[in-house]
Amino acid sequence: MTKVKLVDVWKMYGKVPAVRDLSFECESGEFLCILGPSGCGKSSTLRMLAGLEHISAGDIRFDERRINDLPPKDRDIAMVFENYALYPHKTVFDNMANALKLRGMATDEIRGRVQKAADLLQIGALLDRRPQELSGGQKQRVAIGRAIVRNPRVFLFDEPIGHLDAKLRGHMRGELKRLQRELATTTIYVTHDQLEALSMADRIAVMNEGVLQQIGTPQEIYNHPANEWVASFVGEPPMNFLDVEIGTGGSETEVVVRCGGMQVALTDVHRAALDGARGGARLGIRPEALQVSGTADGPHWTAGTIYAVEPLGGDTLVEVAFQGGRVLAKTSADFVGAMDDPIYVSVDRTKLHLFDSGDGRALT
Amino acid sequence: MASKDIVTYRTPASVLAAVASVVFVVVFLLWTVLPLFIMFVSSIKDLLEAFKLPAVGDWSGIGVFFDFTPTFKHYVDLFQDEKFGTYFFNSVVSALGSAAISVVLGSMAAYALSRAEFRGKKDLFFWVISTRMAPVVAVMVPLFAIFRYAGLVGTLPGLVIAYTTFNLPFAIWILKGFFDNVPYEIEEAAMVDGSTRFQAFKGIIPLVSPGIGAFLVLCVLFAWNDFLFASIIGSGGAKTLPVATSGLVQPQNIQWGKIMAAGVVTTMPMMLLGLVIRRYLVTGLTMGAVRG
């Protein structure tokens, strides 16, 4: 069980910074996901952890021991690559046993460890096959098996299920999470799929353009995004963003959203947060925080028109058009409505997010 | 899959093309096979029988070509009187030696050029290829001077080095393409597993072995059939089969029987080699062209 710590880590490719001043910790036995779009620096970070890239500046520590200058073979880490990287000329058994043979382990012990890992991953019947005879899911299990036979200090996963079909990906998310729990090995998992990160990780480190945006539990990232970018990246369907114009009236500060006059009443917390906005503010509303109805059921319902309806089976997505803009709402599967029908929208004001228009930081 | 059925429709032009292609193939076969056939048959004929020809226009006399008693005395004379055993040995050692050195050094250089990024890499690679662009005869004089200064003229090591000078760039050029087609993640996985860089390099050699095999054959072929280097650098103590064969053309007479036998001894090993590895040669030469 190993704690991994990155302190002020930079990675430069020539003059281009791929990772900028990155610092975070992965506790011993934790499943940490590094989440971000392509080119955000997550794979570069993983490769620096593995020793496959030089660290331009900063330190990486395993249990407070600086490992910057250690080659990959001396870090006691195991990595599962995006394209599996199995040895095509070796059998599944030899692929899984390779690392143990390099360490001079006895044949009997190698056989025992490989068999145990194969049984755990349900690939015992495939040990004599070669990679070209395996399906994508089987190859992925072999790649994971090659990692777990070693009993390493840290697992590194580089988008291992990205090339599987959707159904298999869904299945493997649960399998990988369970496996990590059973082995209790510190795991750092890189992905661009926010669903994978939210469903599997103990904590998520969200990166964009080489910079760490936020680190926290899936609930923290989803419910309290640190800035507008994190809010827009995490969540499917994505969050709605509306410019805010403040008006006053009556006993509450009425926030008039510049979107055909959508009226939103703020809580005290939100009103106080608006004072912290240097310029303007943007309101973020997740689709599930919007309610839609054929009639205005109260004082804060805003009239609009149905722009599109997307039945998803378990839910329905309704895109509502106001004068000058649109919002996407998620409602129940029994929603009835057609394009261009009139509709009313209301907001669950306990689930609002406010962001500074200038730098995008969260105000709440 | 590289090949597929081509749908064709029978037209007068396609019929004509089919007939013309058959005629072409027959002519081509005669052009290529007939000299080899004559060489082989002449090598087992007595000289008098070898020069028996039918009269001009007498097609019925064609049987005279096949009316002979086979004899292997030219082969015996070749190896006993002309010491062709030594020349055969020289050819084998110089061809295999230069091929082996070129493959070992060339694969390592090709791997480095494929994997490493460094300033001047493209220029270095072009320089390597450019050494094969110049005609060998243009550099023969300075090369001979260098080899003579080093005391390598007329020696087998000298000939091996000479062949390596033109095989090694070829090896680097060809093998770089094969290494480029091996995913780098395989070596990275090996290094994470516990391999050093060199062990990871050795680990992927089986993946480029078709290319190495194809290159080895071409290397051996070039060196075996070479005349220029062998006659100038190898003259004297490192005479090879092509040079020795040309030596059978004496001012006082041309030893046709021995020349034909020498021709068979020189060409047969390469033809057999080609027959044995032809399937792998095509695979090896085309493997580098398509990304897997």
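Residues numbered from 1 in each chain as written. Chains lettered and ligands numbered in written order. Predicted model: local features only at pLDDT ≥ 70, side-chain atom pairs only at ≥ 80, totals over all residues.

## Description of the overall build of chain A
Item 1. On a plain count of helices and strands, chain A comes out with 9 helices and 20 strands.
Item 2. C-alpha atoms of chain A, sized along the principal axes, occupy 80 × 45 × 35 Å.
Item 3. Looking at chain A residue by residue over its 364 residues, the buried ones come to 39%.
Item 4. Restricting the contact set of chain A to residue pairs at least 6 apart, pairs at least 24 apart contribute 65%. (Helix = DSSP H or I, 4+ residues; strand = E, 2+ residues; numbered from the N terminus. Buried ≥ 20, exposed ≤ 12 C-beta atoms within 10 Å, placed from the backbone. Contact = placed C-beta atoms within 7 Å.)

## Topic: the interface of chain A and chain B
Frequently, the measure chosen for interface size is the accessible area removed from exposure when the parts meet.
Item 1. Residue-level contacts link 17 residues of chain A with 13 residues of chain B.
Item 2. Mapped onto the side of chain A that touches chain B, the elements with two or more residues apiece are strand 6 (77–80) and helix 2 (92–102) of chain A.

## Overview of the sheet that holds strand 15 (residues 290–293) of chain A
All names here are of chain A.
Item 1. The strand order across the open sheet formed by 5 strands is 15-19-16-17-18, and the pairing between neighbours is antiparallel. The open sheet terminates on both sides in strands that have one partner only, identified here as strand 15 and strand 18 (325–332). Strand-to-strand twist across the sheet, computed as the mean angle between neighbouring axes with direction ignored, equals 45°.
Item 2. As defined by bridge partners, strand 15 adjoins strand 19 (residues 342–347) across 4 bridges and the pair is classed as antiparallel. Each bridged residue has a counterpart across the sheet, and for V292 the counterpart in strand 19 is V345. (Pairing = 2+ DSSP bridges. Axes fitted to C-alpha atoms, helices over the stretch in contact; angles between N-to-C directions.)

## Section: unusual backbone geometry
Residues and elements named next belong to chain A.
Item 1. With an omega of 0°, the peptide bond between E236 and P237 qualifies as cis.
Item 2. Looking at the element boundaries, P237 is found in the loop between helix 8 (228–233) and strand 11 (240–246).
Item 3. Residues other than glycine seldom take positive phi values, yet D21 does so here, at roughly 45°.
Item 4. Mapped onto the elements, D21 comes out in strand 2 (residues 16–26).
Item 5. According to the C-beta neighbour criterion, D21 is partly exposed, with 14 such atoms within 10 Å.
Item 6. One non-glycine residue, Y84, lies in the positive phi region at around 70°.
Item 7. Looking at the element boundaries, Y84 is found in the loop between strand 6 and helix 2.

## Re the environment of G216 of chain A
All names here are of chain A.
Item 1. Within the element layout of this structure, G216 appears in strand 10 (residues 211–216).
Item 2. You can call G216 partly exposed: it has 17 C-beta atoms within 10 Å.
Item 3. In sequence terms G216 and I204 are 12 residues apart; their C-alpha atoms lie 5.5 Å from each other.
Item 4. Not counting chain neighbours up to four residues away, the residues in contact with G216 comprise R203, I204 and I221.

## Topic: the domain arrangement of chain A
Item 1. Domain annotation for chain A reports domain 1 (4–227) and domain 2 (240–356).
Item 2. A straight line from the C-alpha centre of domain 1 of chain A to that of domain 2 of chain A covers 40 Å. (Domains from an automatic or database assignment.)

## Looking at the domain arrangement of chain B
Residue and element names in this part refer to chain B.
Item 1. Split into domains, chain B comes out as domain 1 (12–71) and domain 2 (74–287).
Item 2. Contacts between the two partners involve 6 residues from domain 1, matched on the other side by 7 residues from domain 2.
Item 3. Listed by contribution, the elements that provide at least two residues to the side of domain 1 that touches domain 2 are helix 1 (12–43) and helix 2 (47–50).
Item 4. Top element by residues in the side of domain 1 that touches domain 2 is helix 1. It accounts for 4 residues.
Item 5. Class assignment for the residues of the side of domain 1 that touches domain 2 results in 4 nonpolar, 2 polar and no charged. (Nonpolar A, V, L, I, M, F, W, Y, C, P; charged D, E, K, R; others polar.)

## What to know about the packing of helix 4 (residues 84–115) of chain B against helix 7 (residues 156–180) of chain B
Residue and element names in this part refer to chain B.
Item 1. Interaxial distance between helix 4 and helix 7 falls to 6 Å at its minimum, and their mutual angle equals 35°. When the axes of helix 4 and helix 7 are compared, the crossing they make is right-handed.
Item 2. Here the residues of the contact of helix 4 with helix 7 are counted per class, giving 18 nonpolar, 10 polar and 2 charged. (Left-handed = near helix turned anticlockwise from the far one by under 90°.)

## Notes on the sheet that holds strand 8 (residues 186–191) of chain A
All names here are of chain A.
Item 1. Read from one edge to the other, the open sheet built from 6 strands follows the order 6-7-8-3-9-10, with strand pairing classed as mixed. At either margin of the open sheet sits one strand with a lone partner, and together these are strand 6 and strand 10. On average, each strand axis in the sheet is tilted by 15° relative to the strand beside it, whichever way the strands run.
Item 2. Of the pairings in the sheet, the one linking strand 7 (residues 154–158) to strand 8 comprises 5 bridges and is parallel in character. Along strand 8, the bridge assignment pairs F155 with T187.

## So, helix 8 (residues 184–193) of chain B
Item 1. Burial analysis of helix 8 of chain B places 8 of its 10 residues in the buried class, the great majority of the element.
Item 2. Three or more residues of helix 8 of chain B are buried, namely I186, E187, E188, A189, A190, M191, V192 and D193 of chain B.
Item 3. Buried residues in helix 8 of chain B make contact with helix 1 (42–50), strand 6 and helix 2 of chain A together with helix 9 (197–204) of chain B.
Item 4. Of the residues one or two after helix 8 of chain B, G194 of chain B is the one with positive phi, at around 135°.

## Structural notes on the pairing of strand 14 (residues 281–285) of chain A
Residues and elements named next belong to chain A.
Item 1. Counting buried positions along strand 14 yields 5 of 5 residues, so the element is predominantly enclosed.
Item 2. Taking every second residue as pointing to the same face, both faces of strand 14 are buried, with A281, L283 and I285 on one and R282 and G284 on the other.
Item 3. Pairing geometry for strand 14 and strand 20 (residues 352–356), over 5 bridges, is antiparallel. When the bridges of strand 20 are listed, A281 appears paired with D356.

## Topic: the nonpolar core
Item 1. L156 and I188 of chain A together with L175 of chain B are the most contacted members of the largest nonpolar core, which totals 147 residues.
Item 2. For this core, the element with the most residues is helix 7 of chain B, which contributes 11 residues.
Item 3. Contact partners of L175 of chain B, with chain neighbours within four places excluded, come to G106, S107, A110, V208, G211, I212 and F215 of chain B. (Core = buried A, V, L, I, M, F, W, Y, C linked by C-beta atoms within 7 Å.)

## Focus on the environment of S332 of chain A
Item 1. Within the secondary structure, S332 of chain A sits in strand 18.
Item 2. Beyond its immediate stretch of four places on either side in the chain, S332 of chain A contacts D315 and T316 of chain A.

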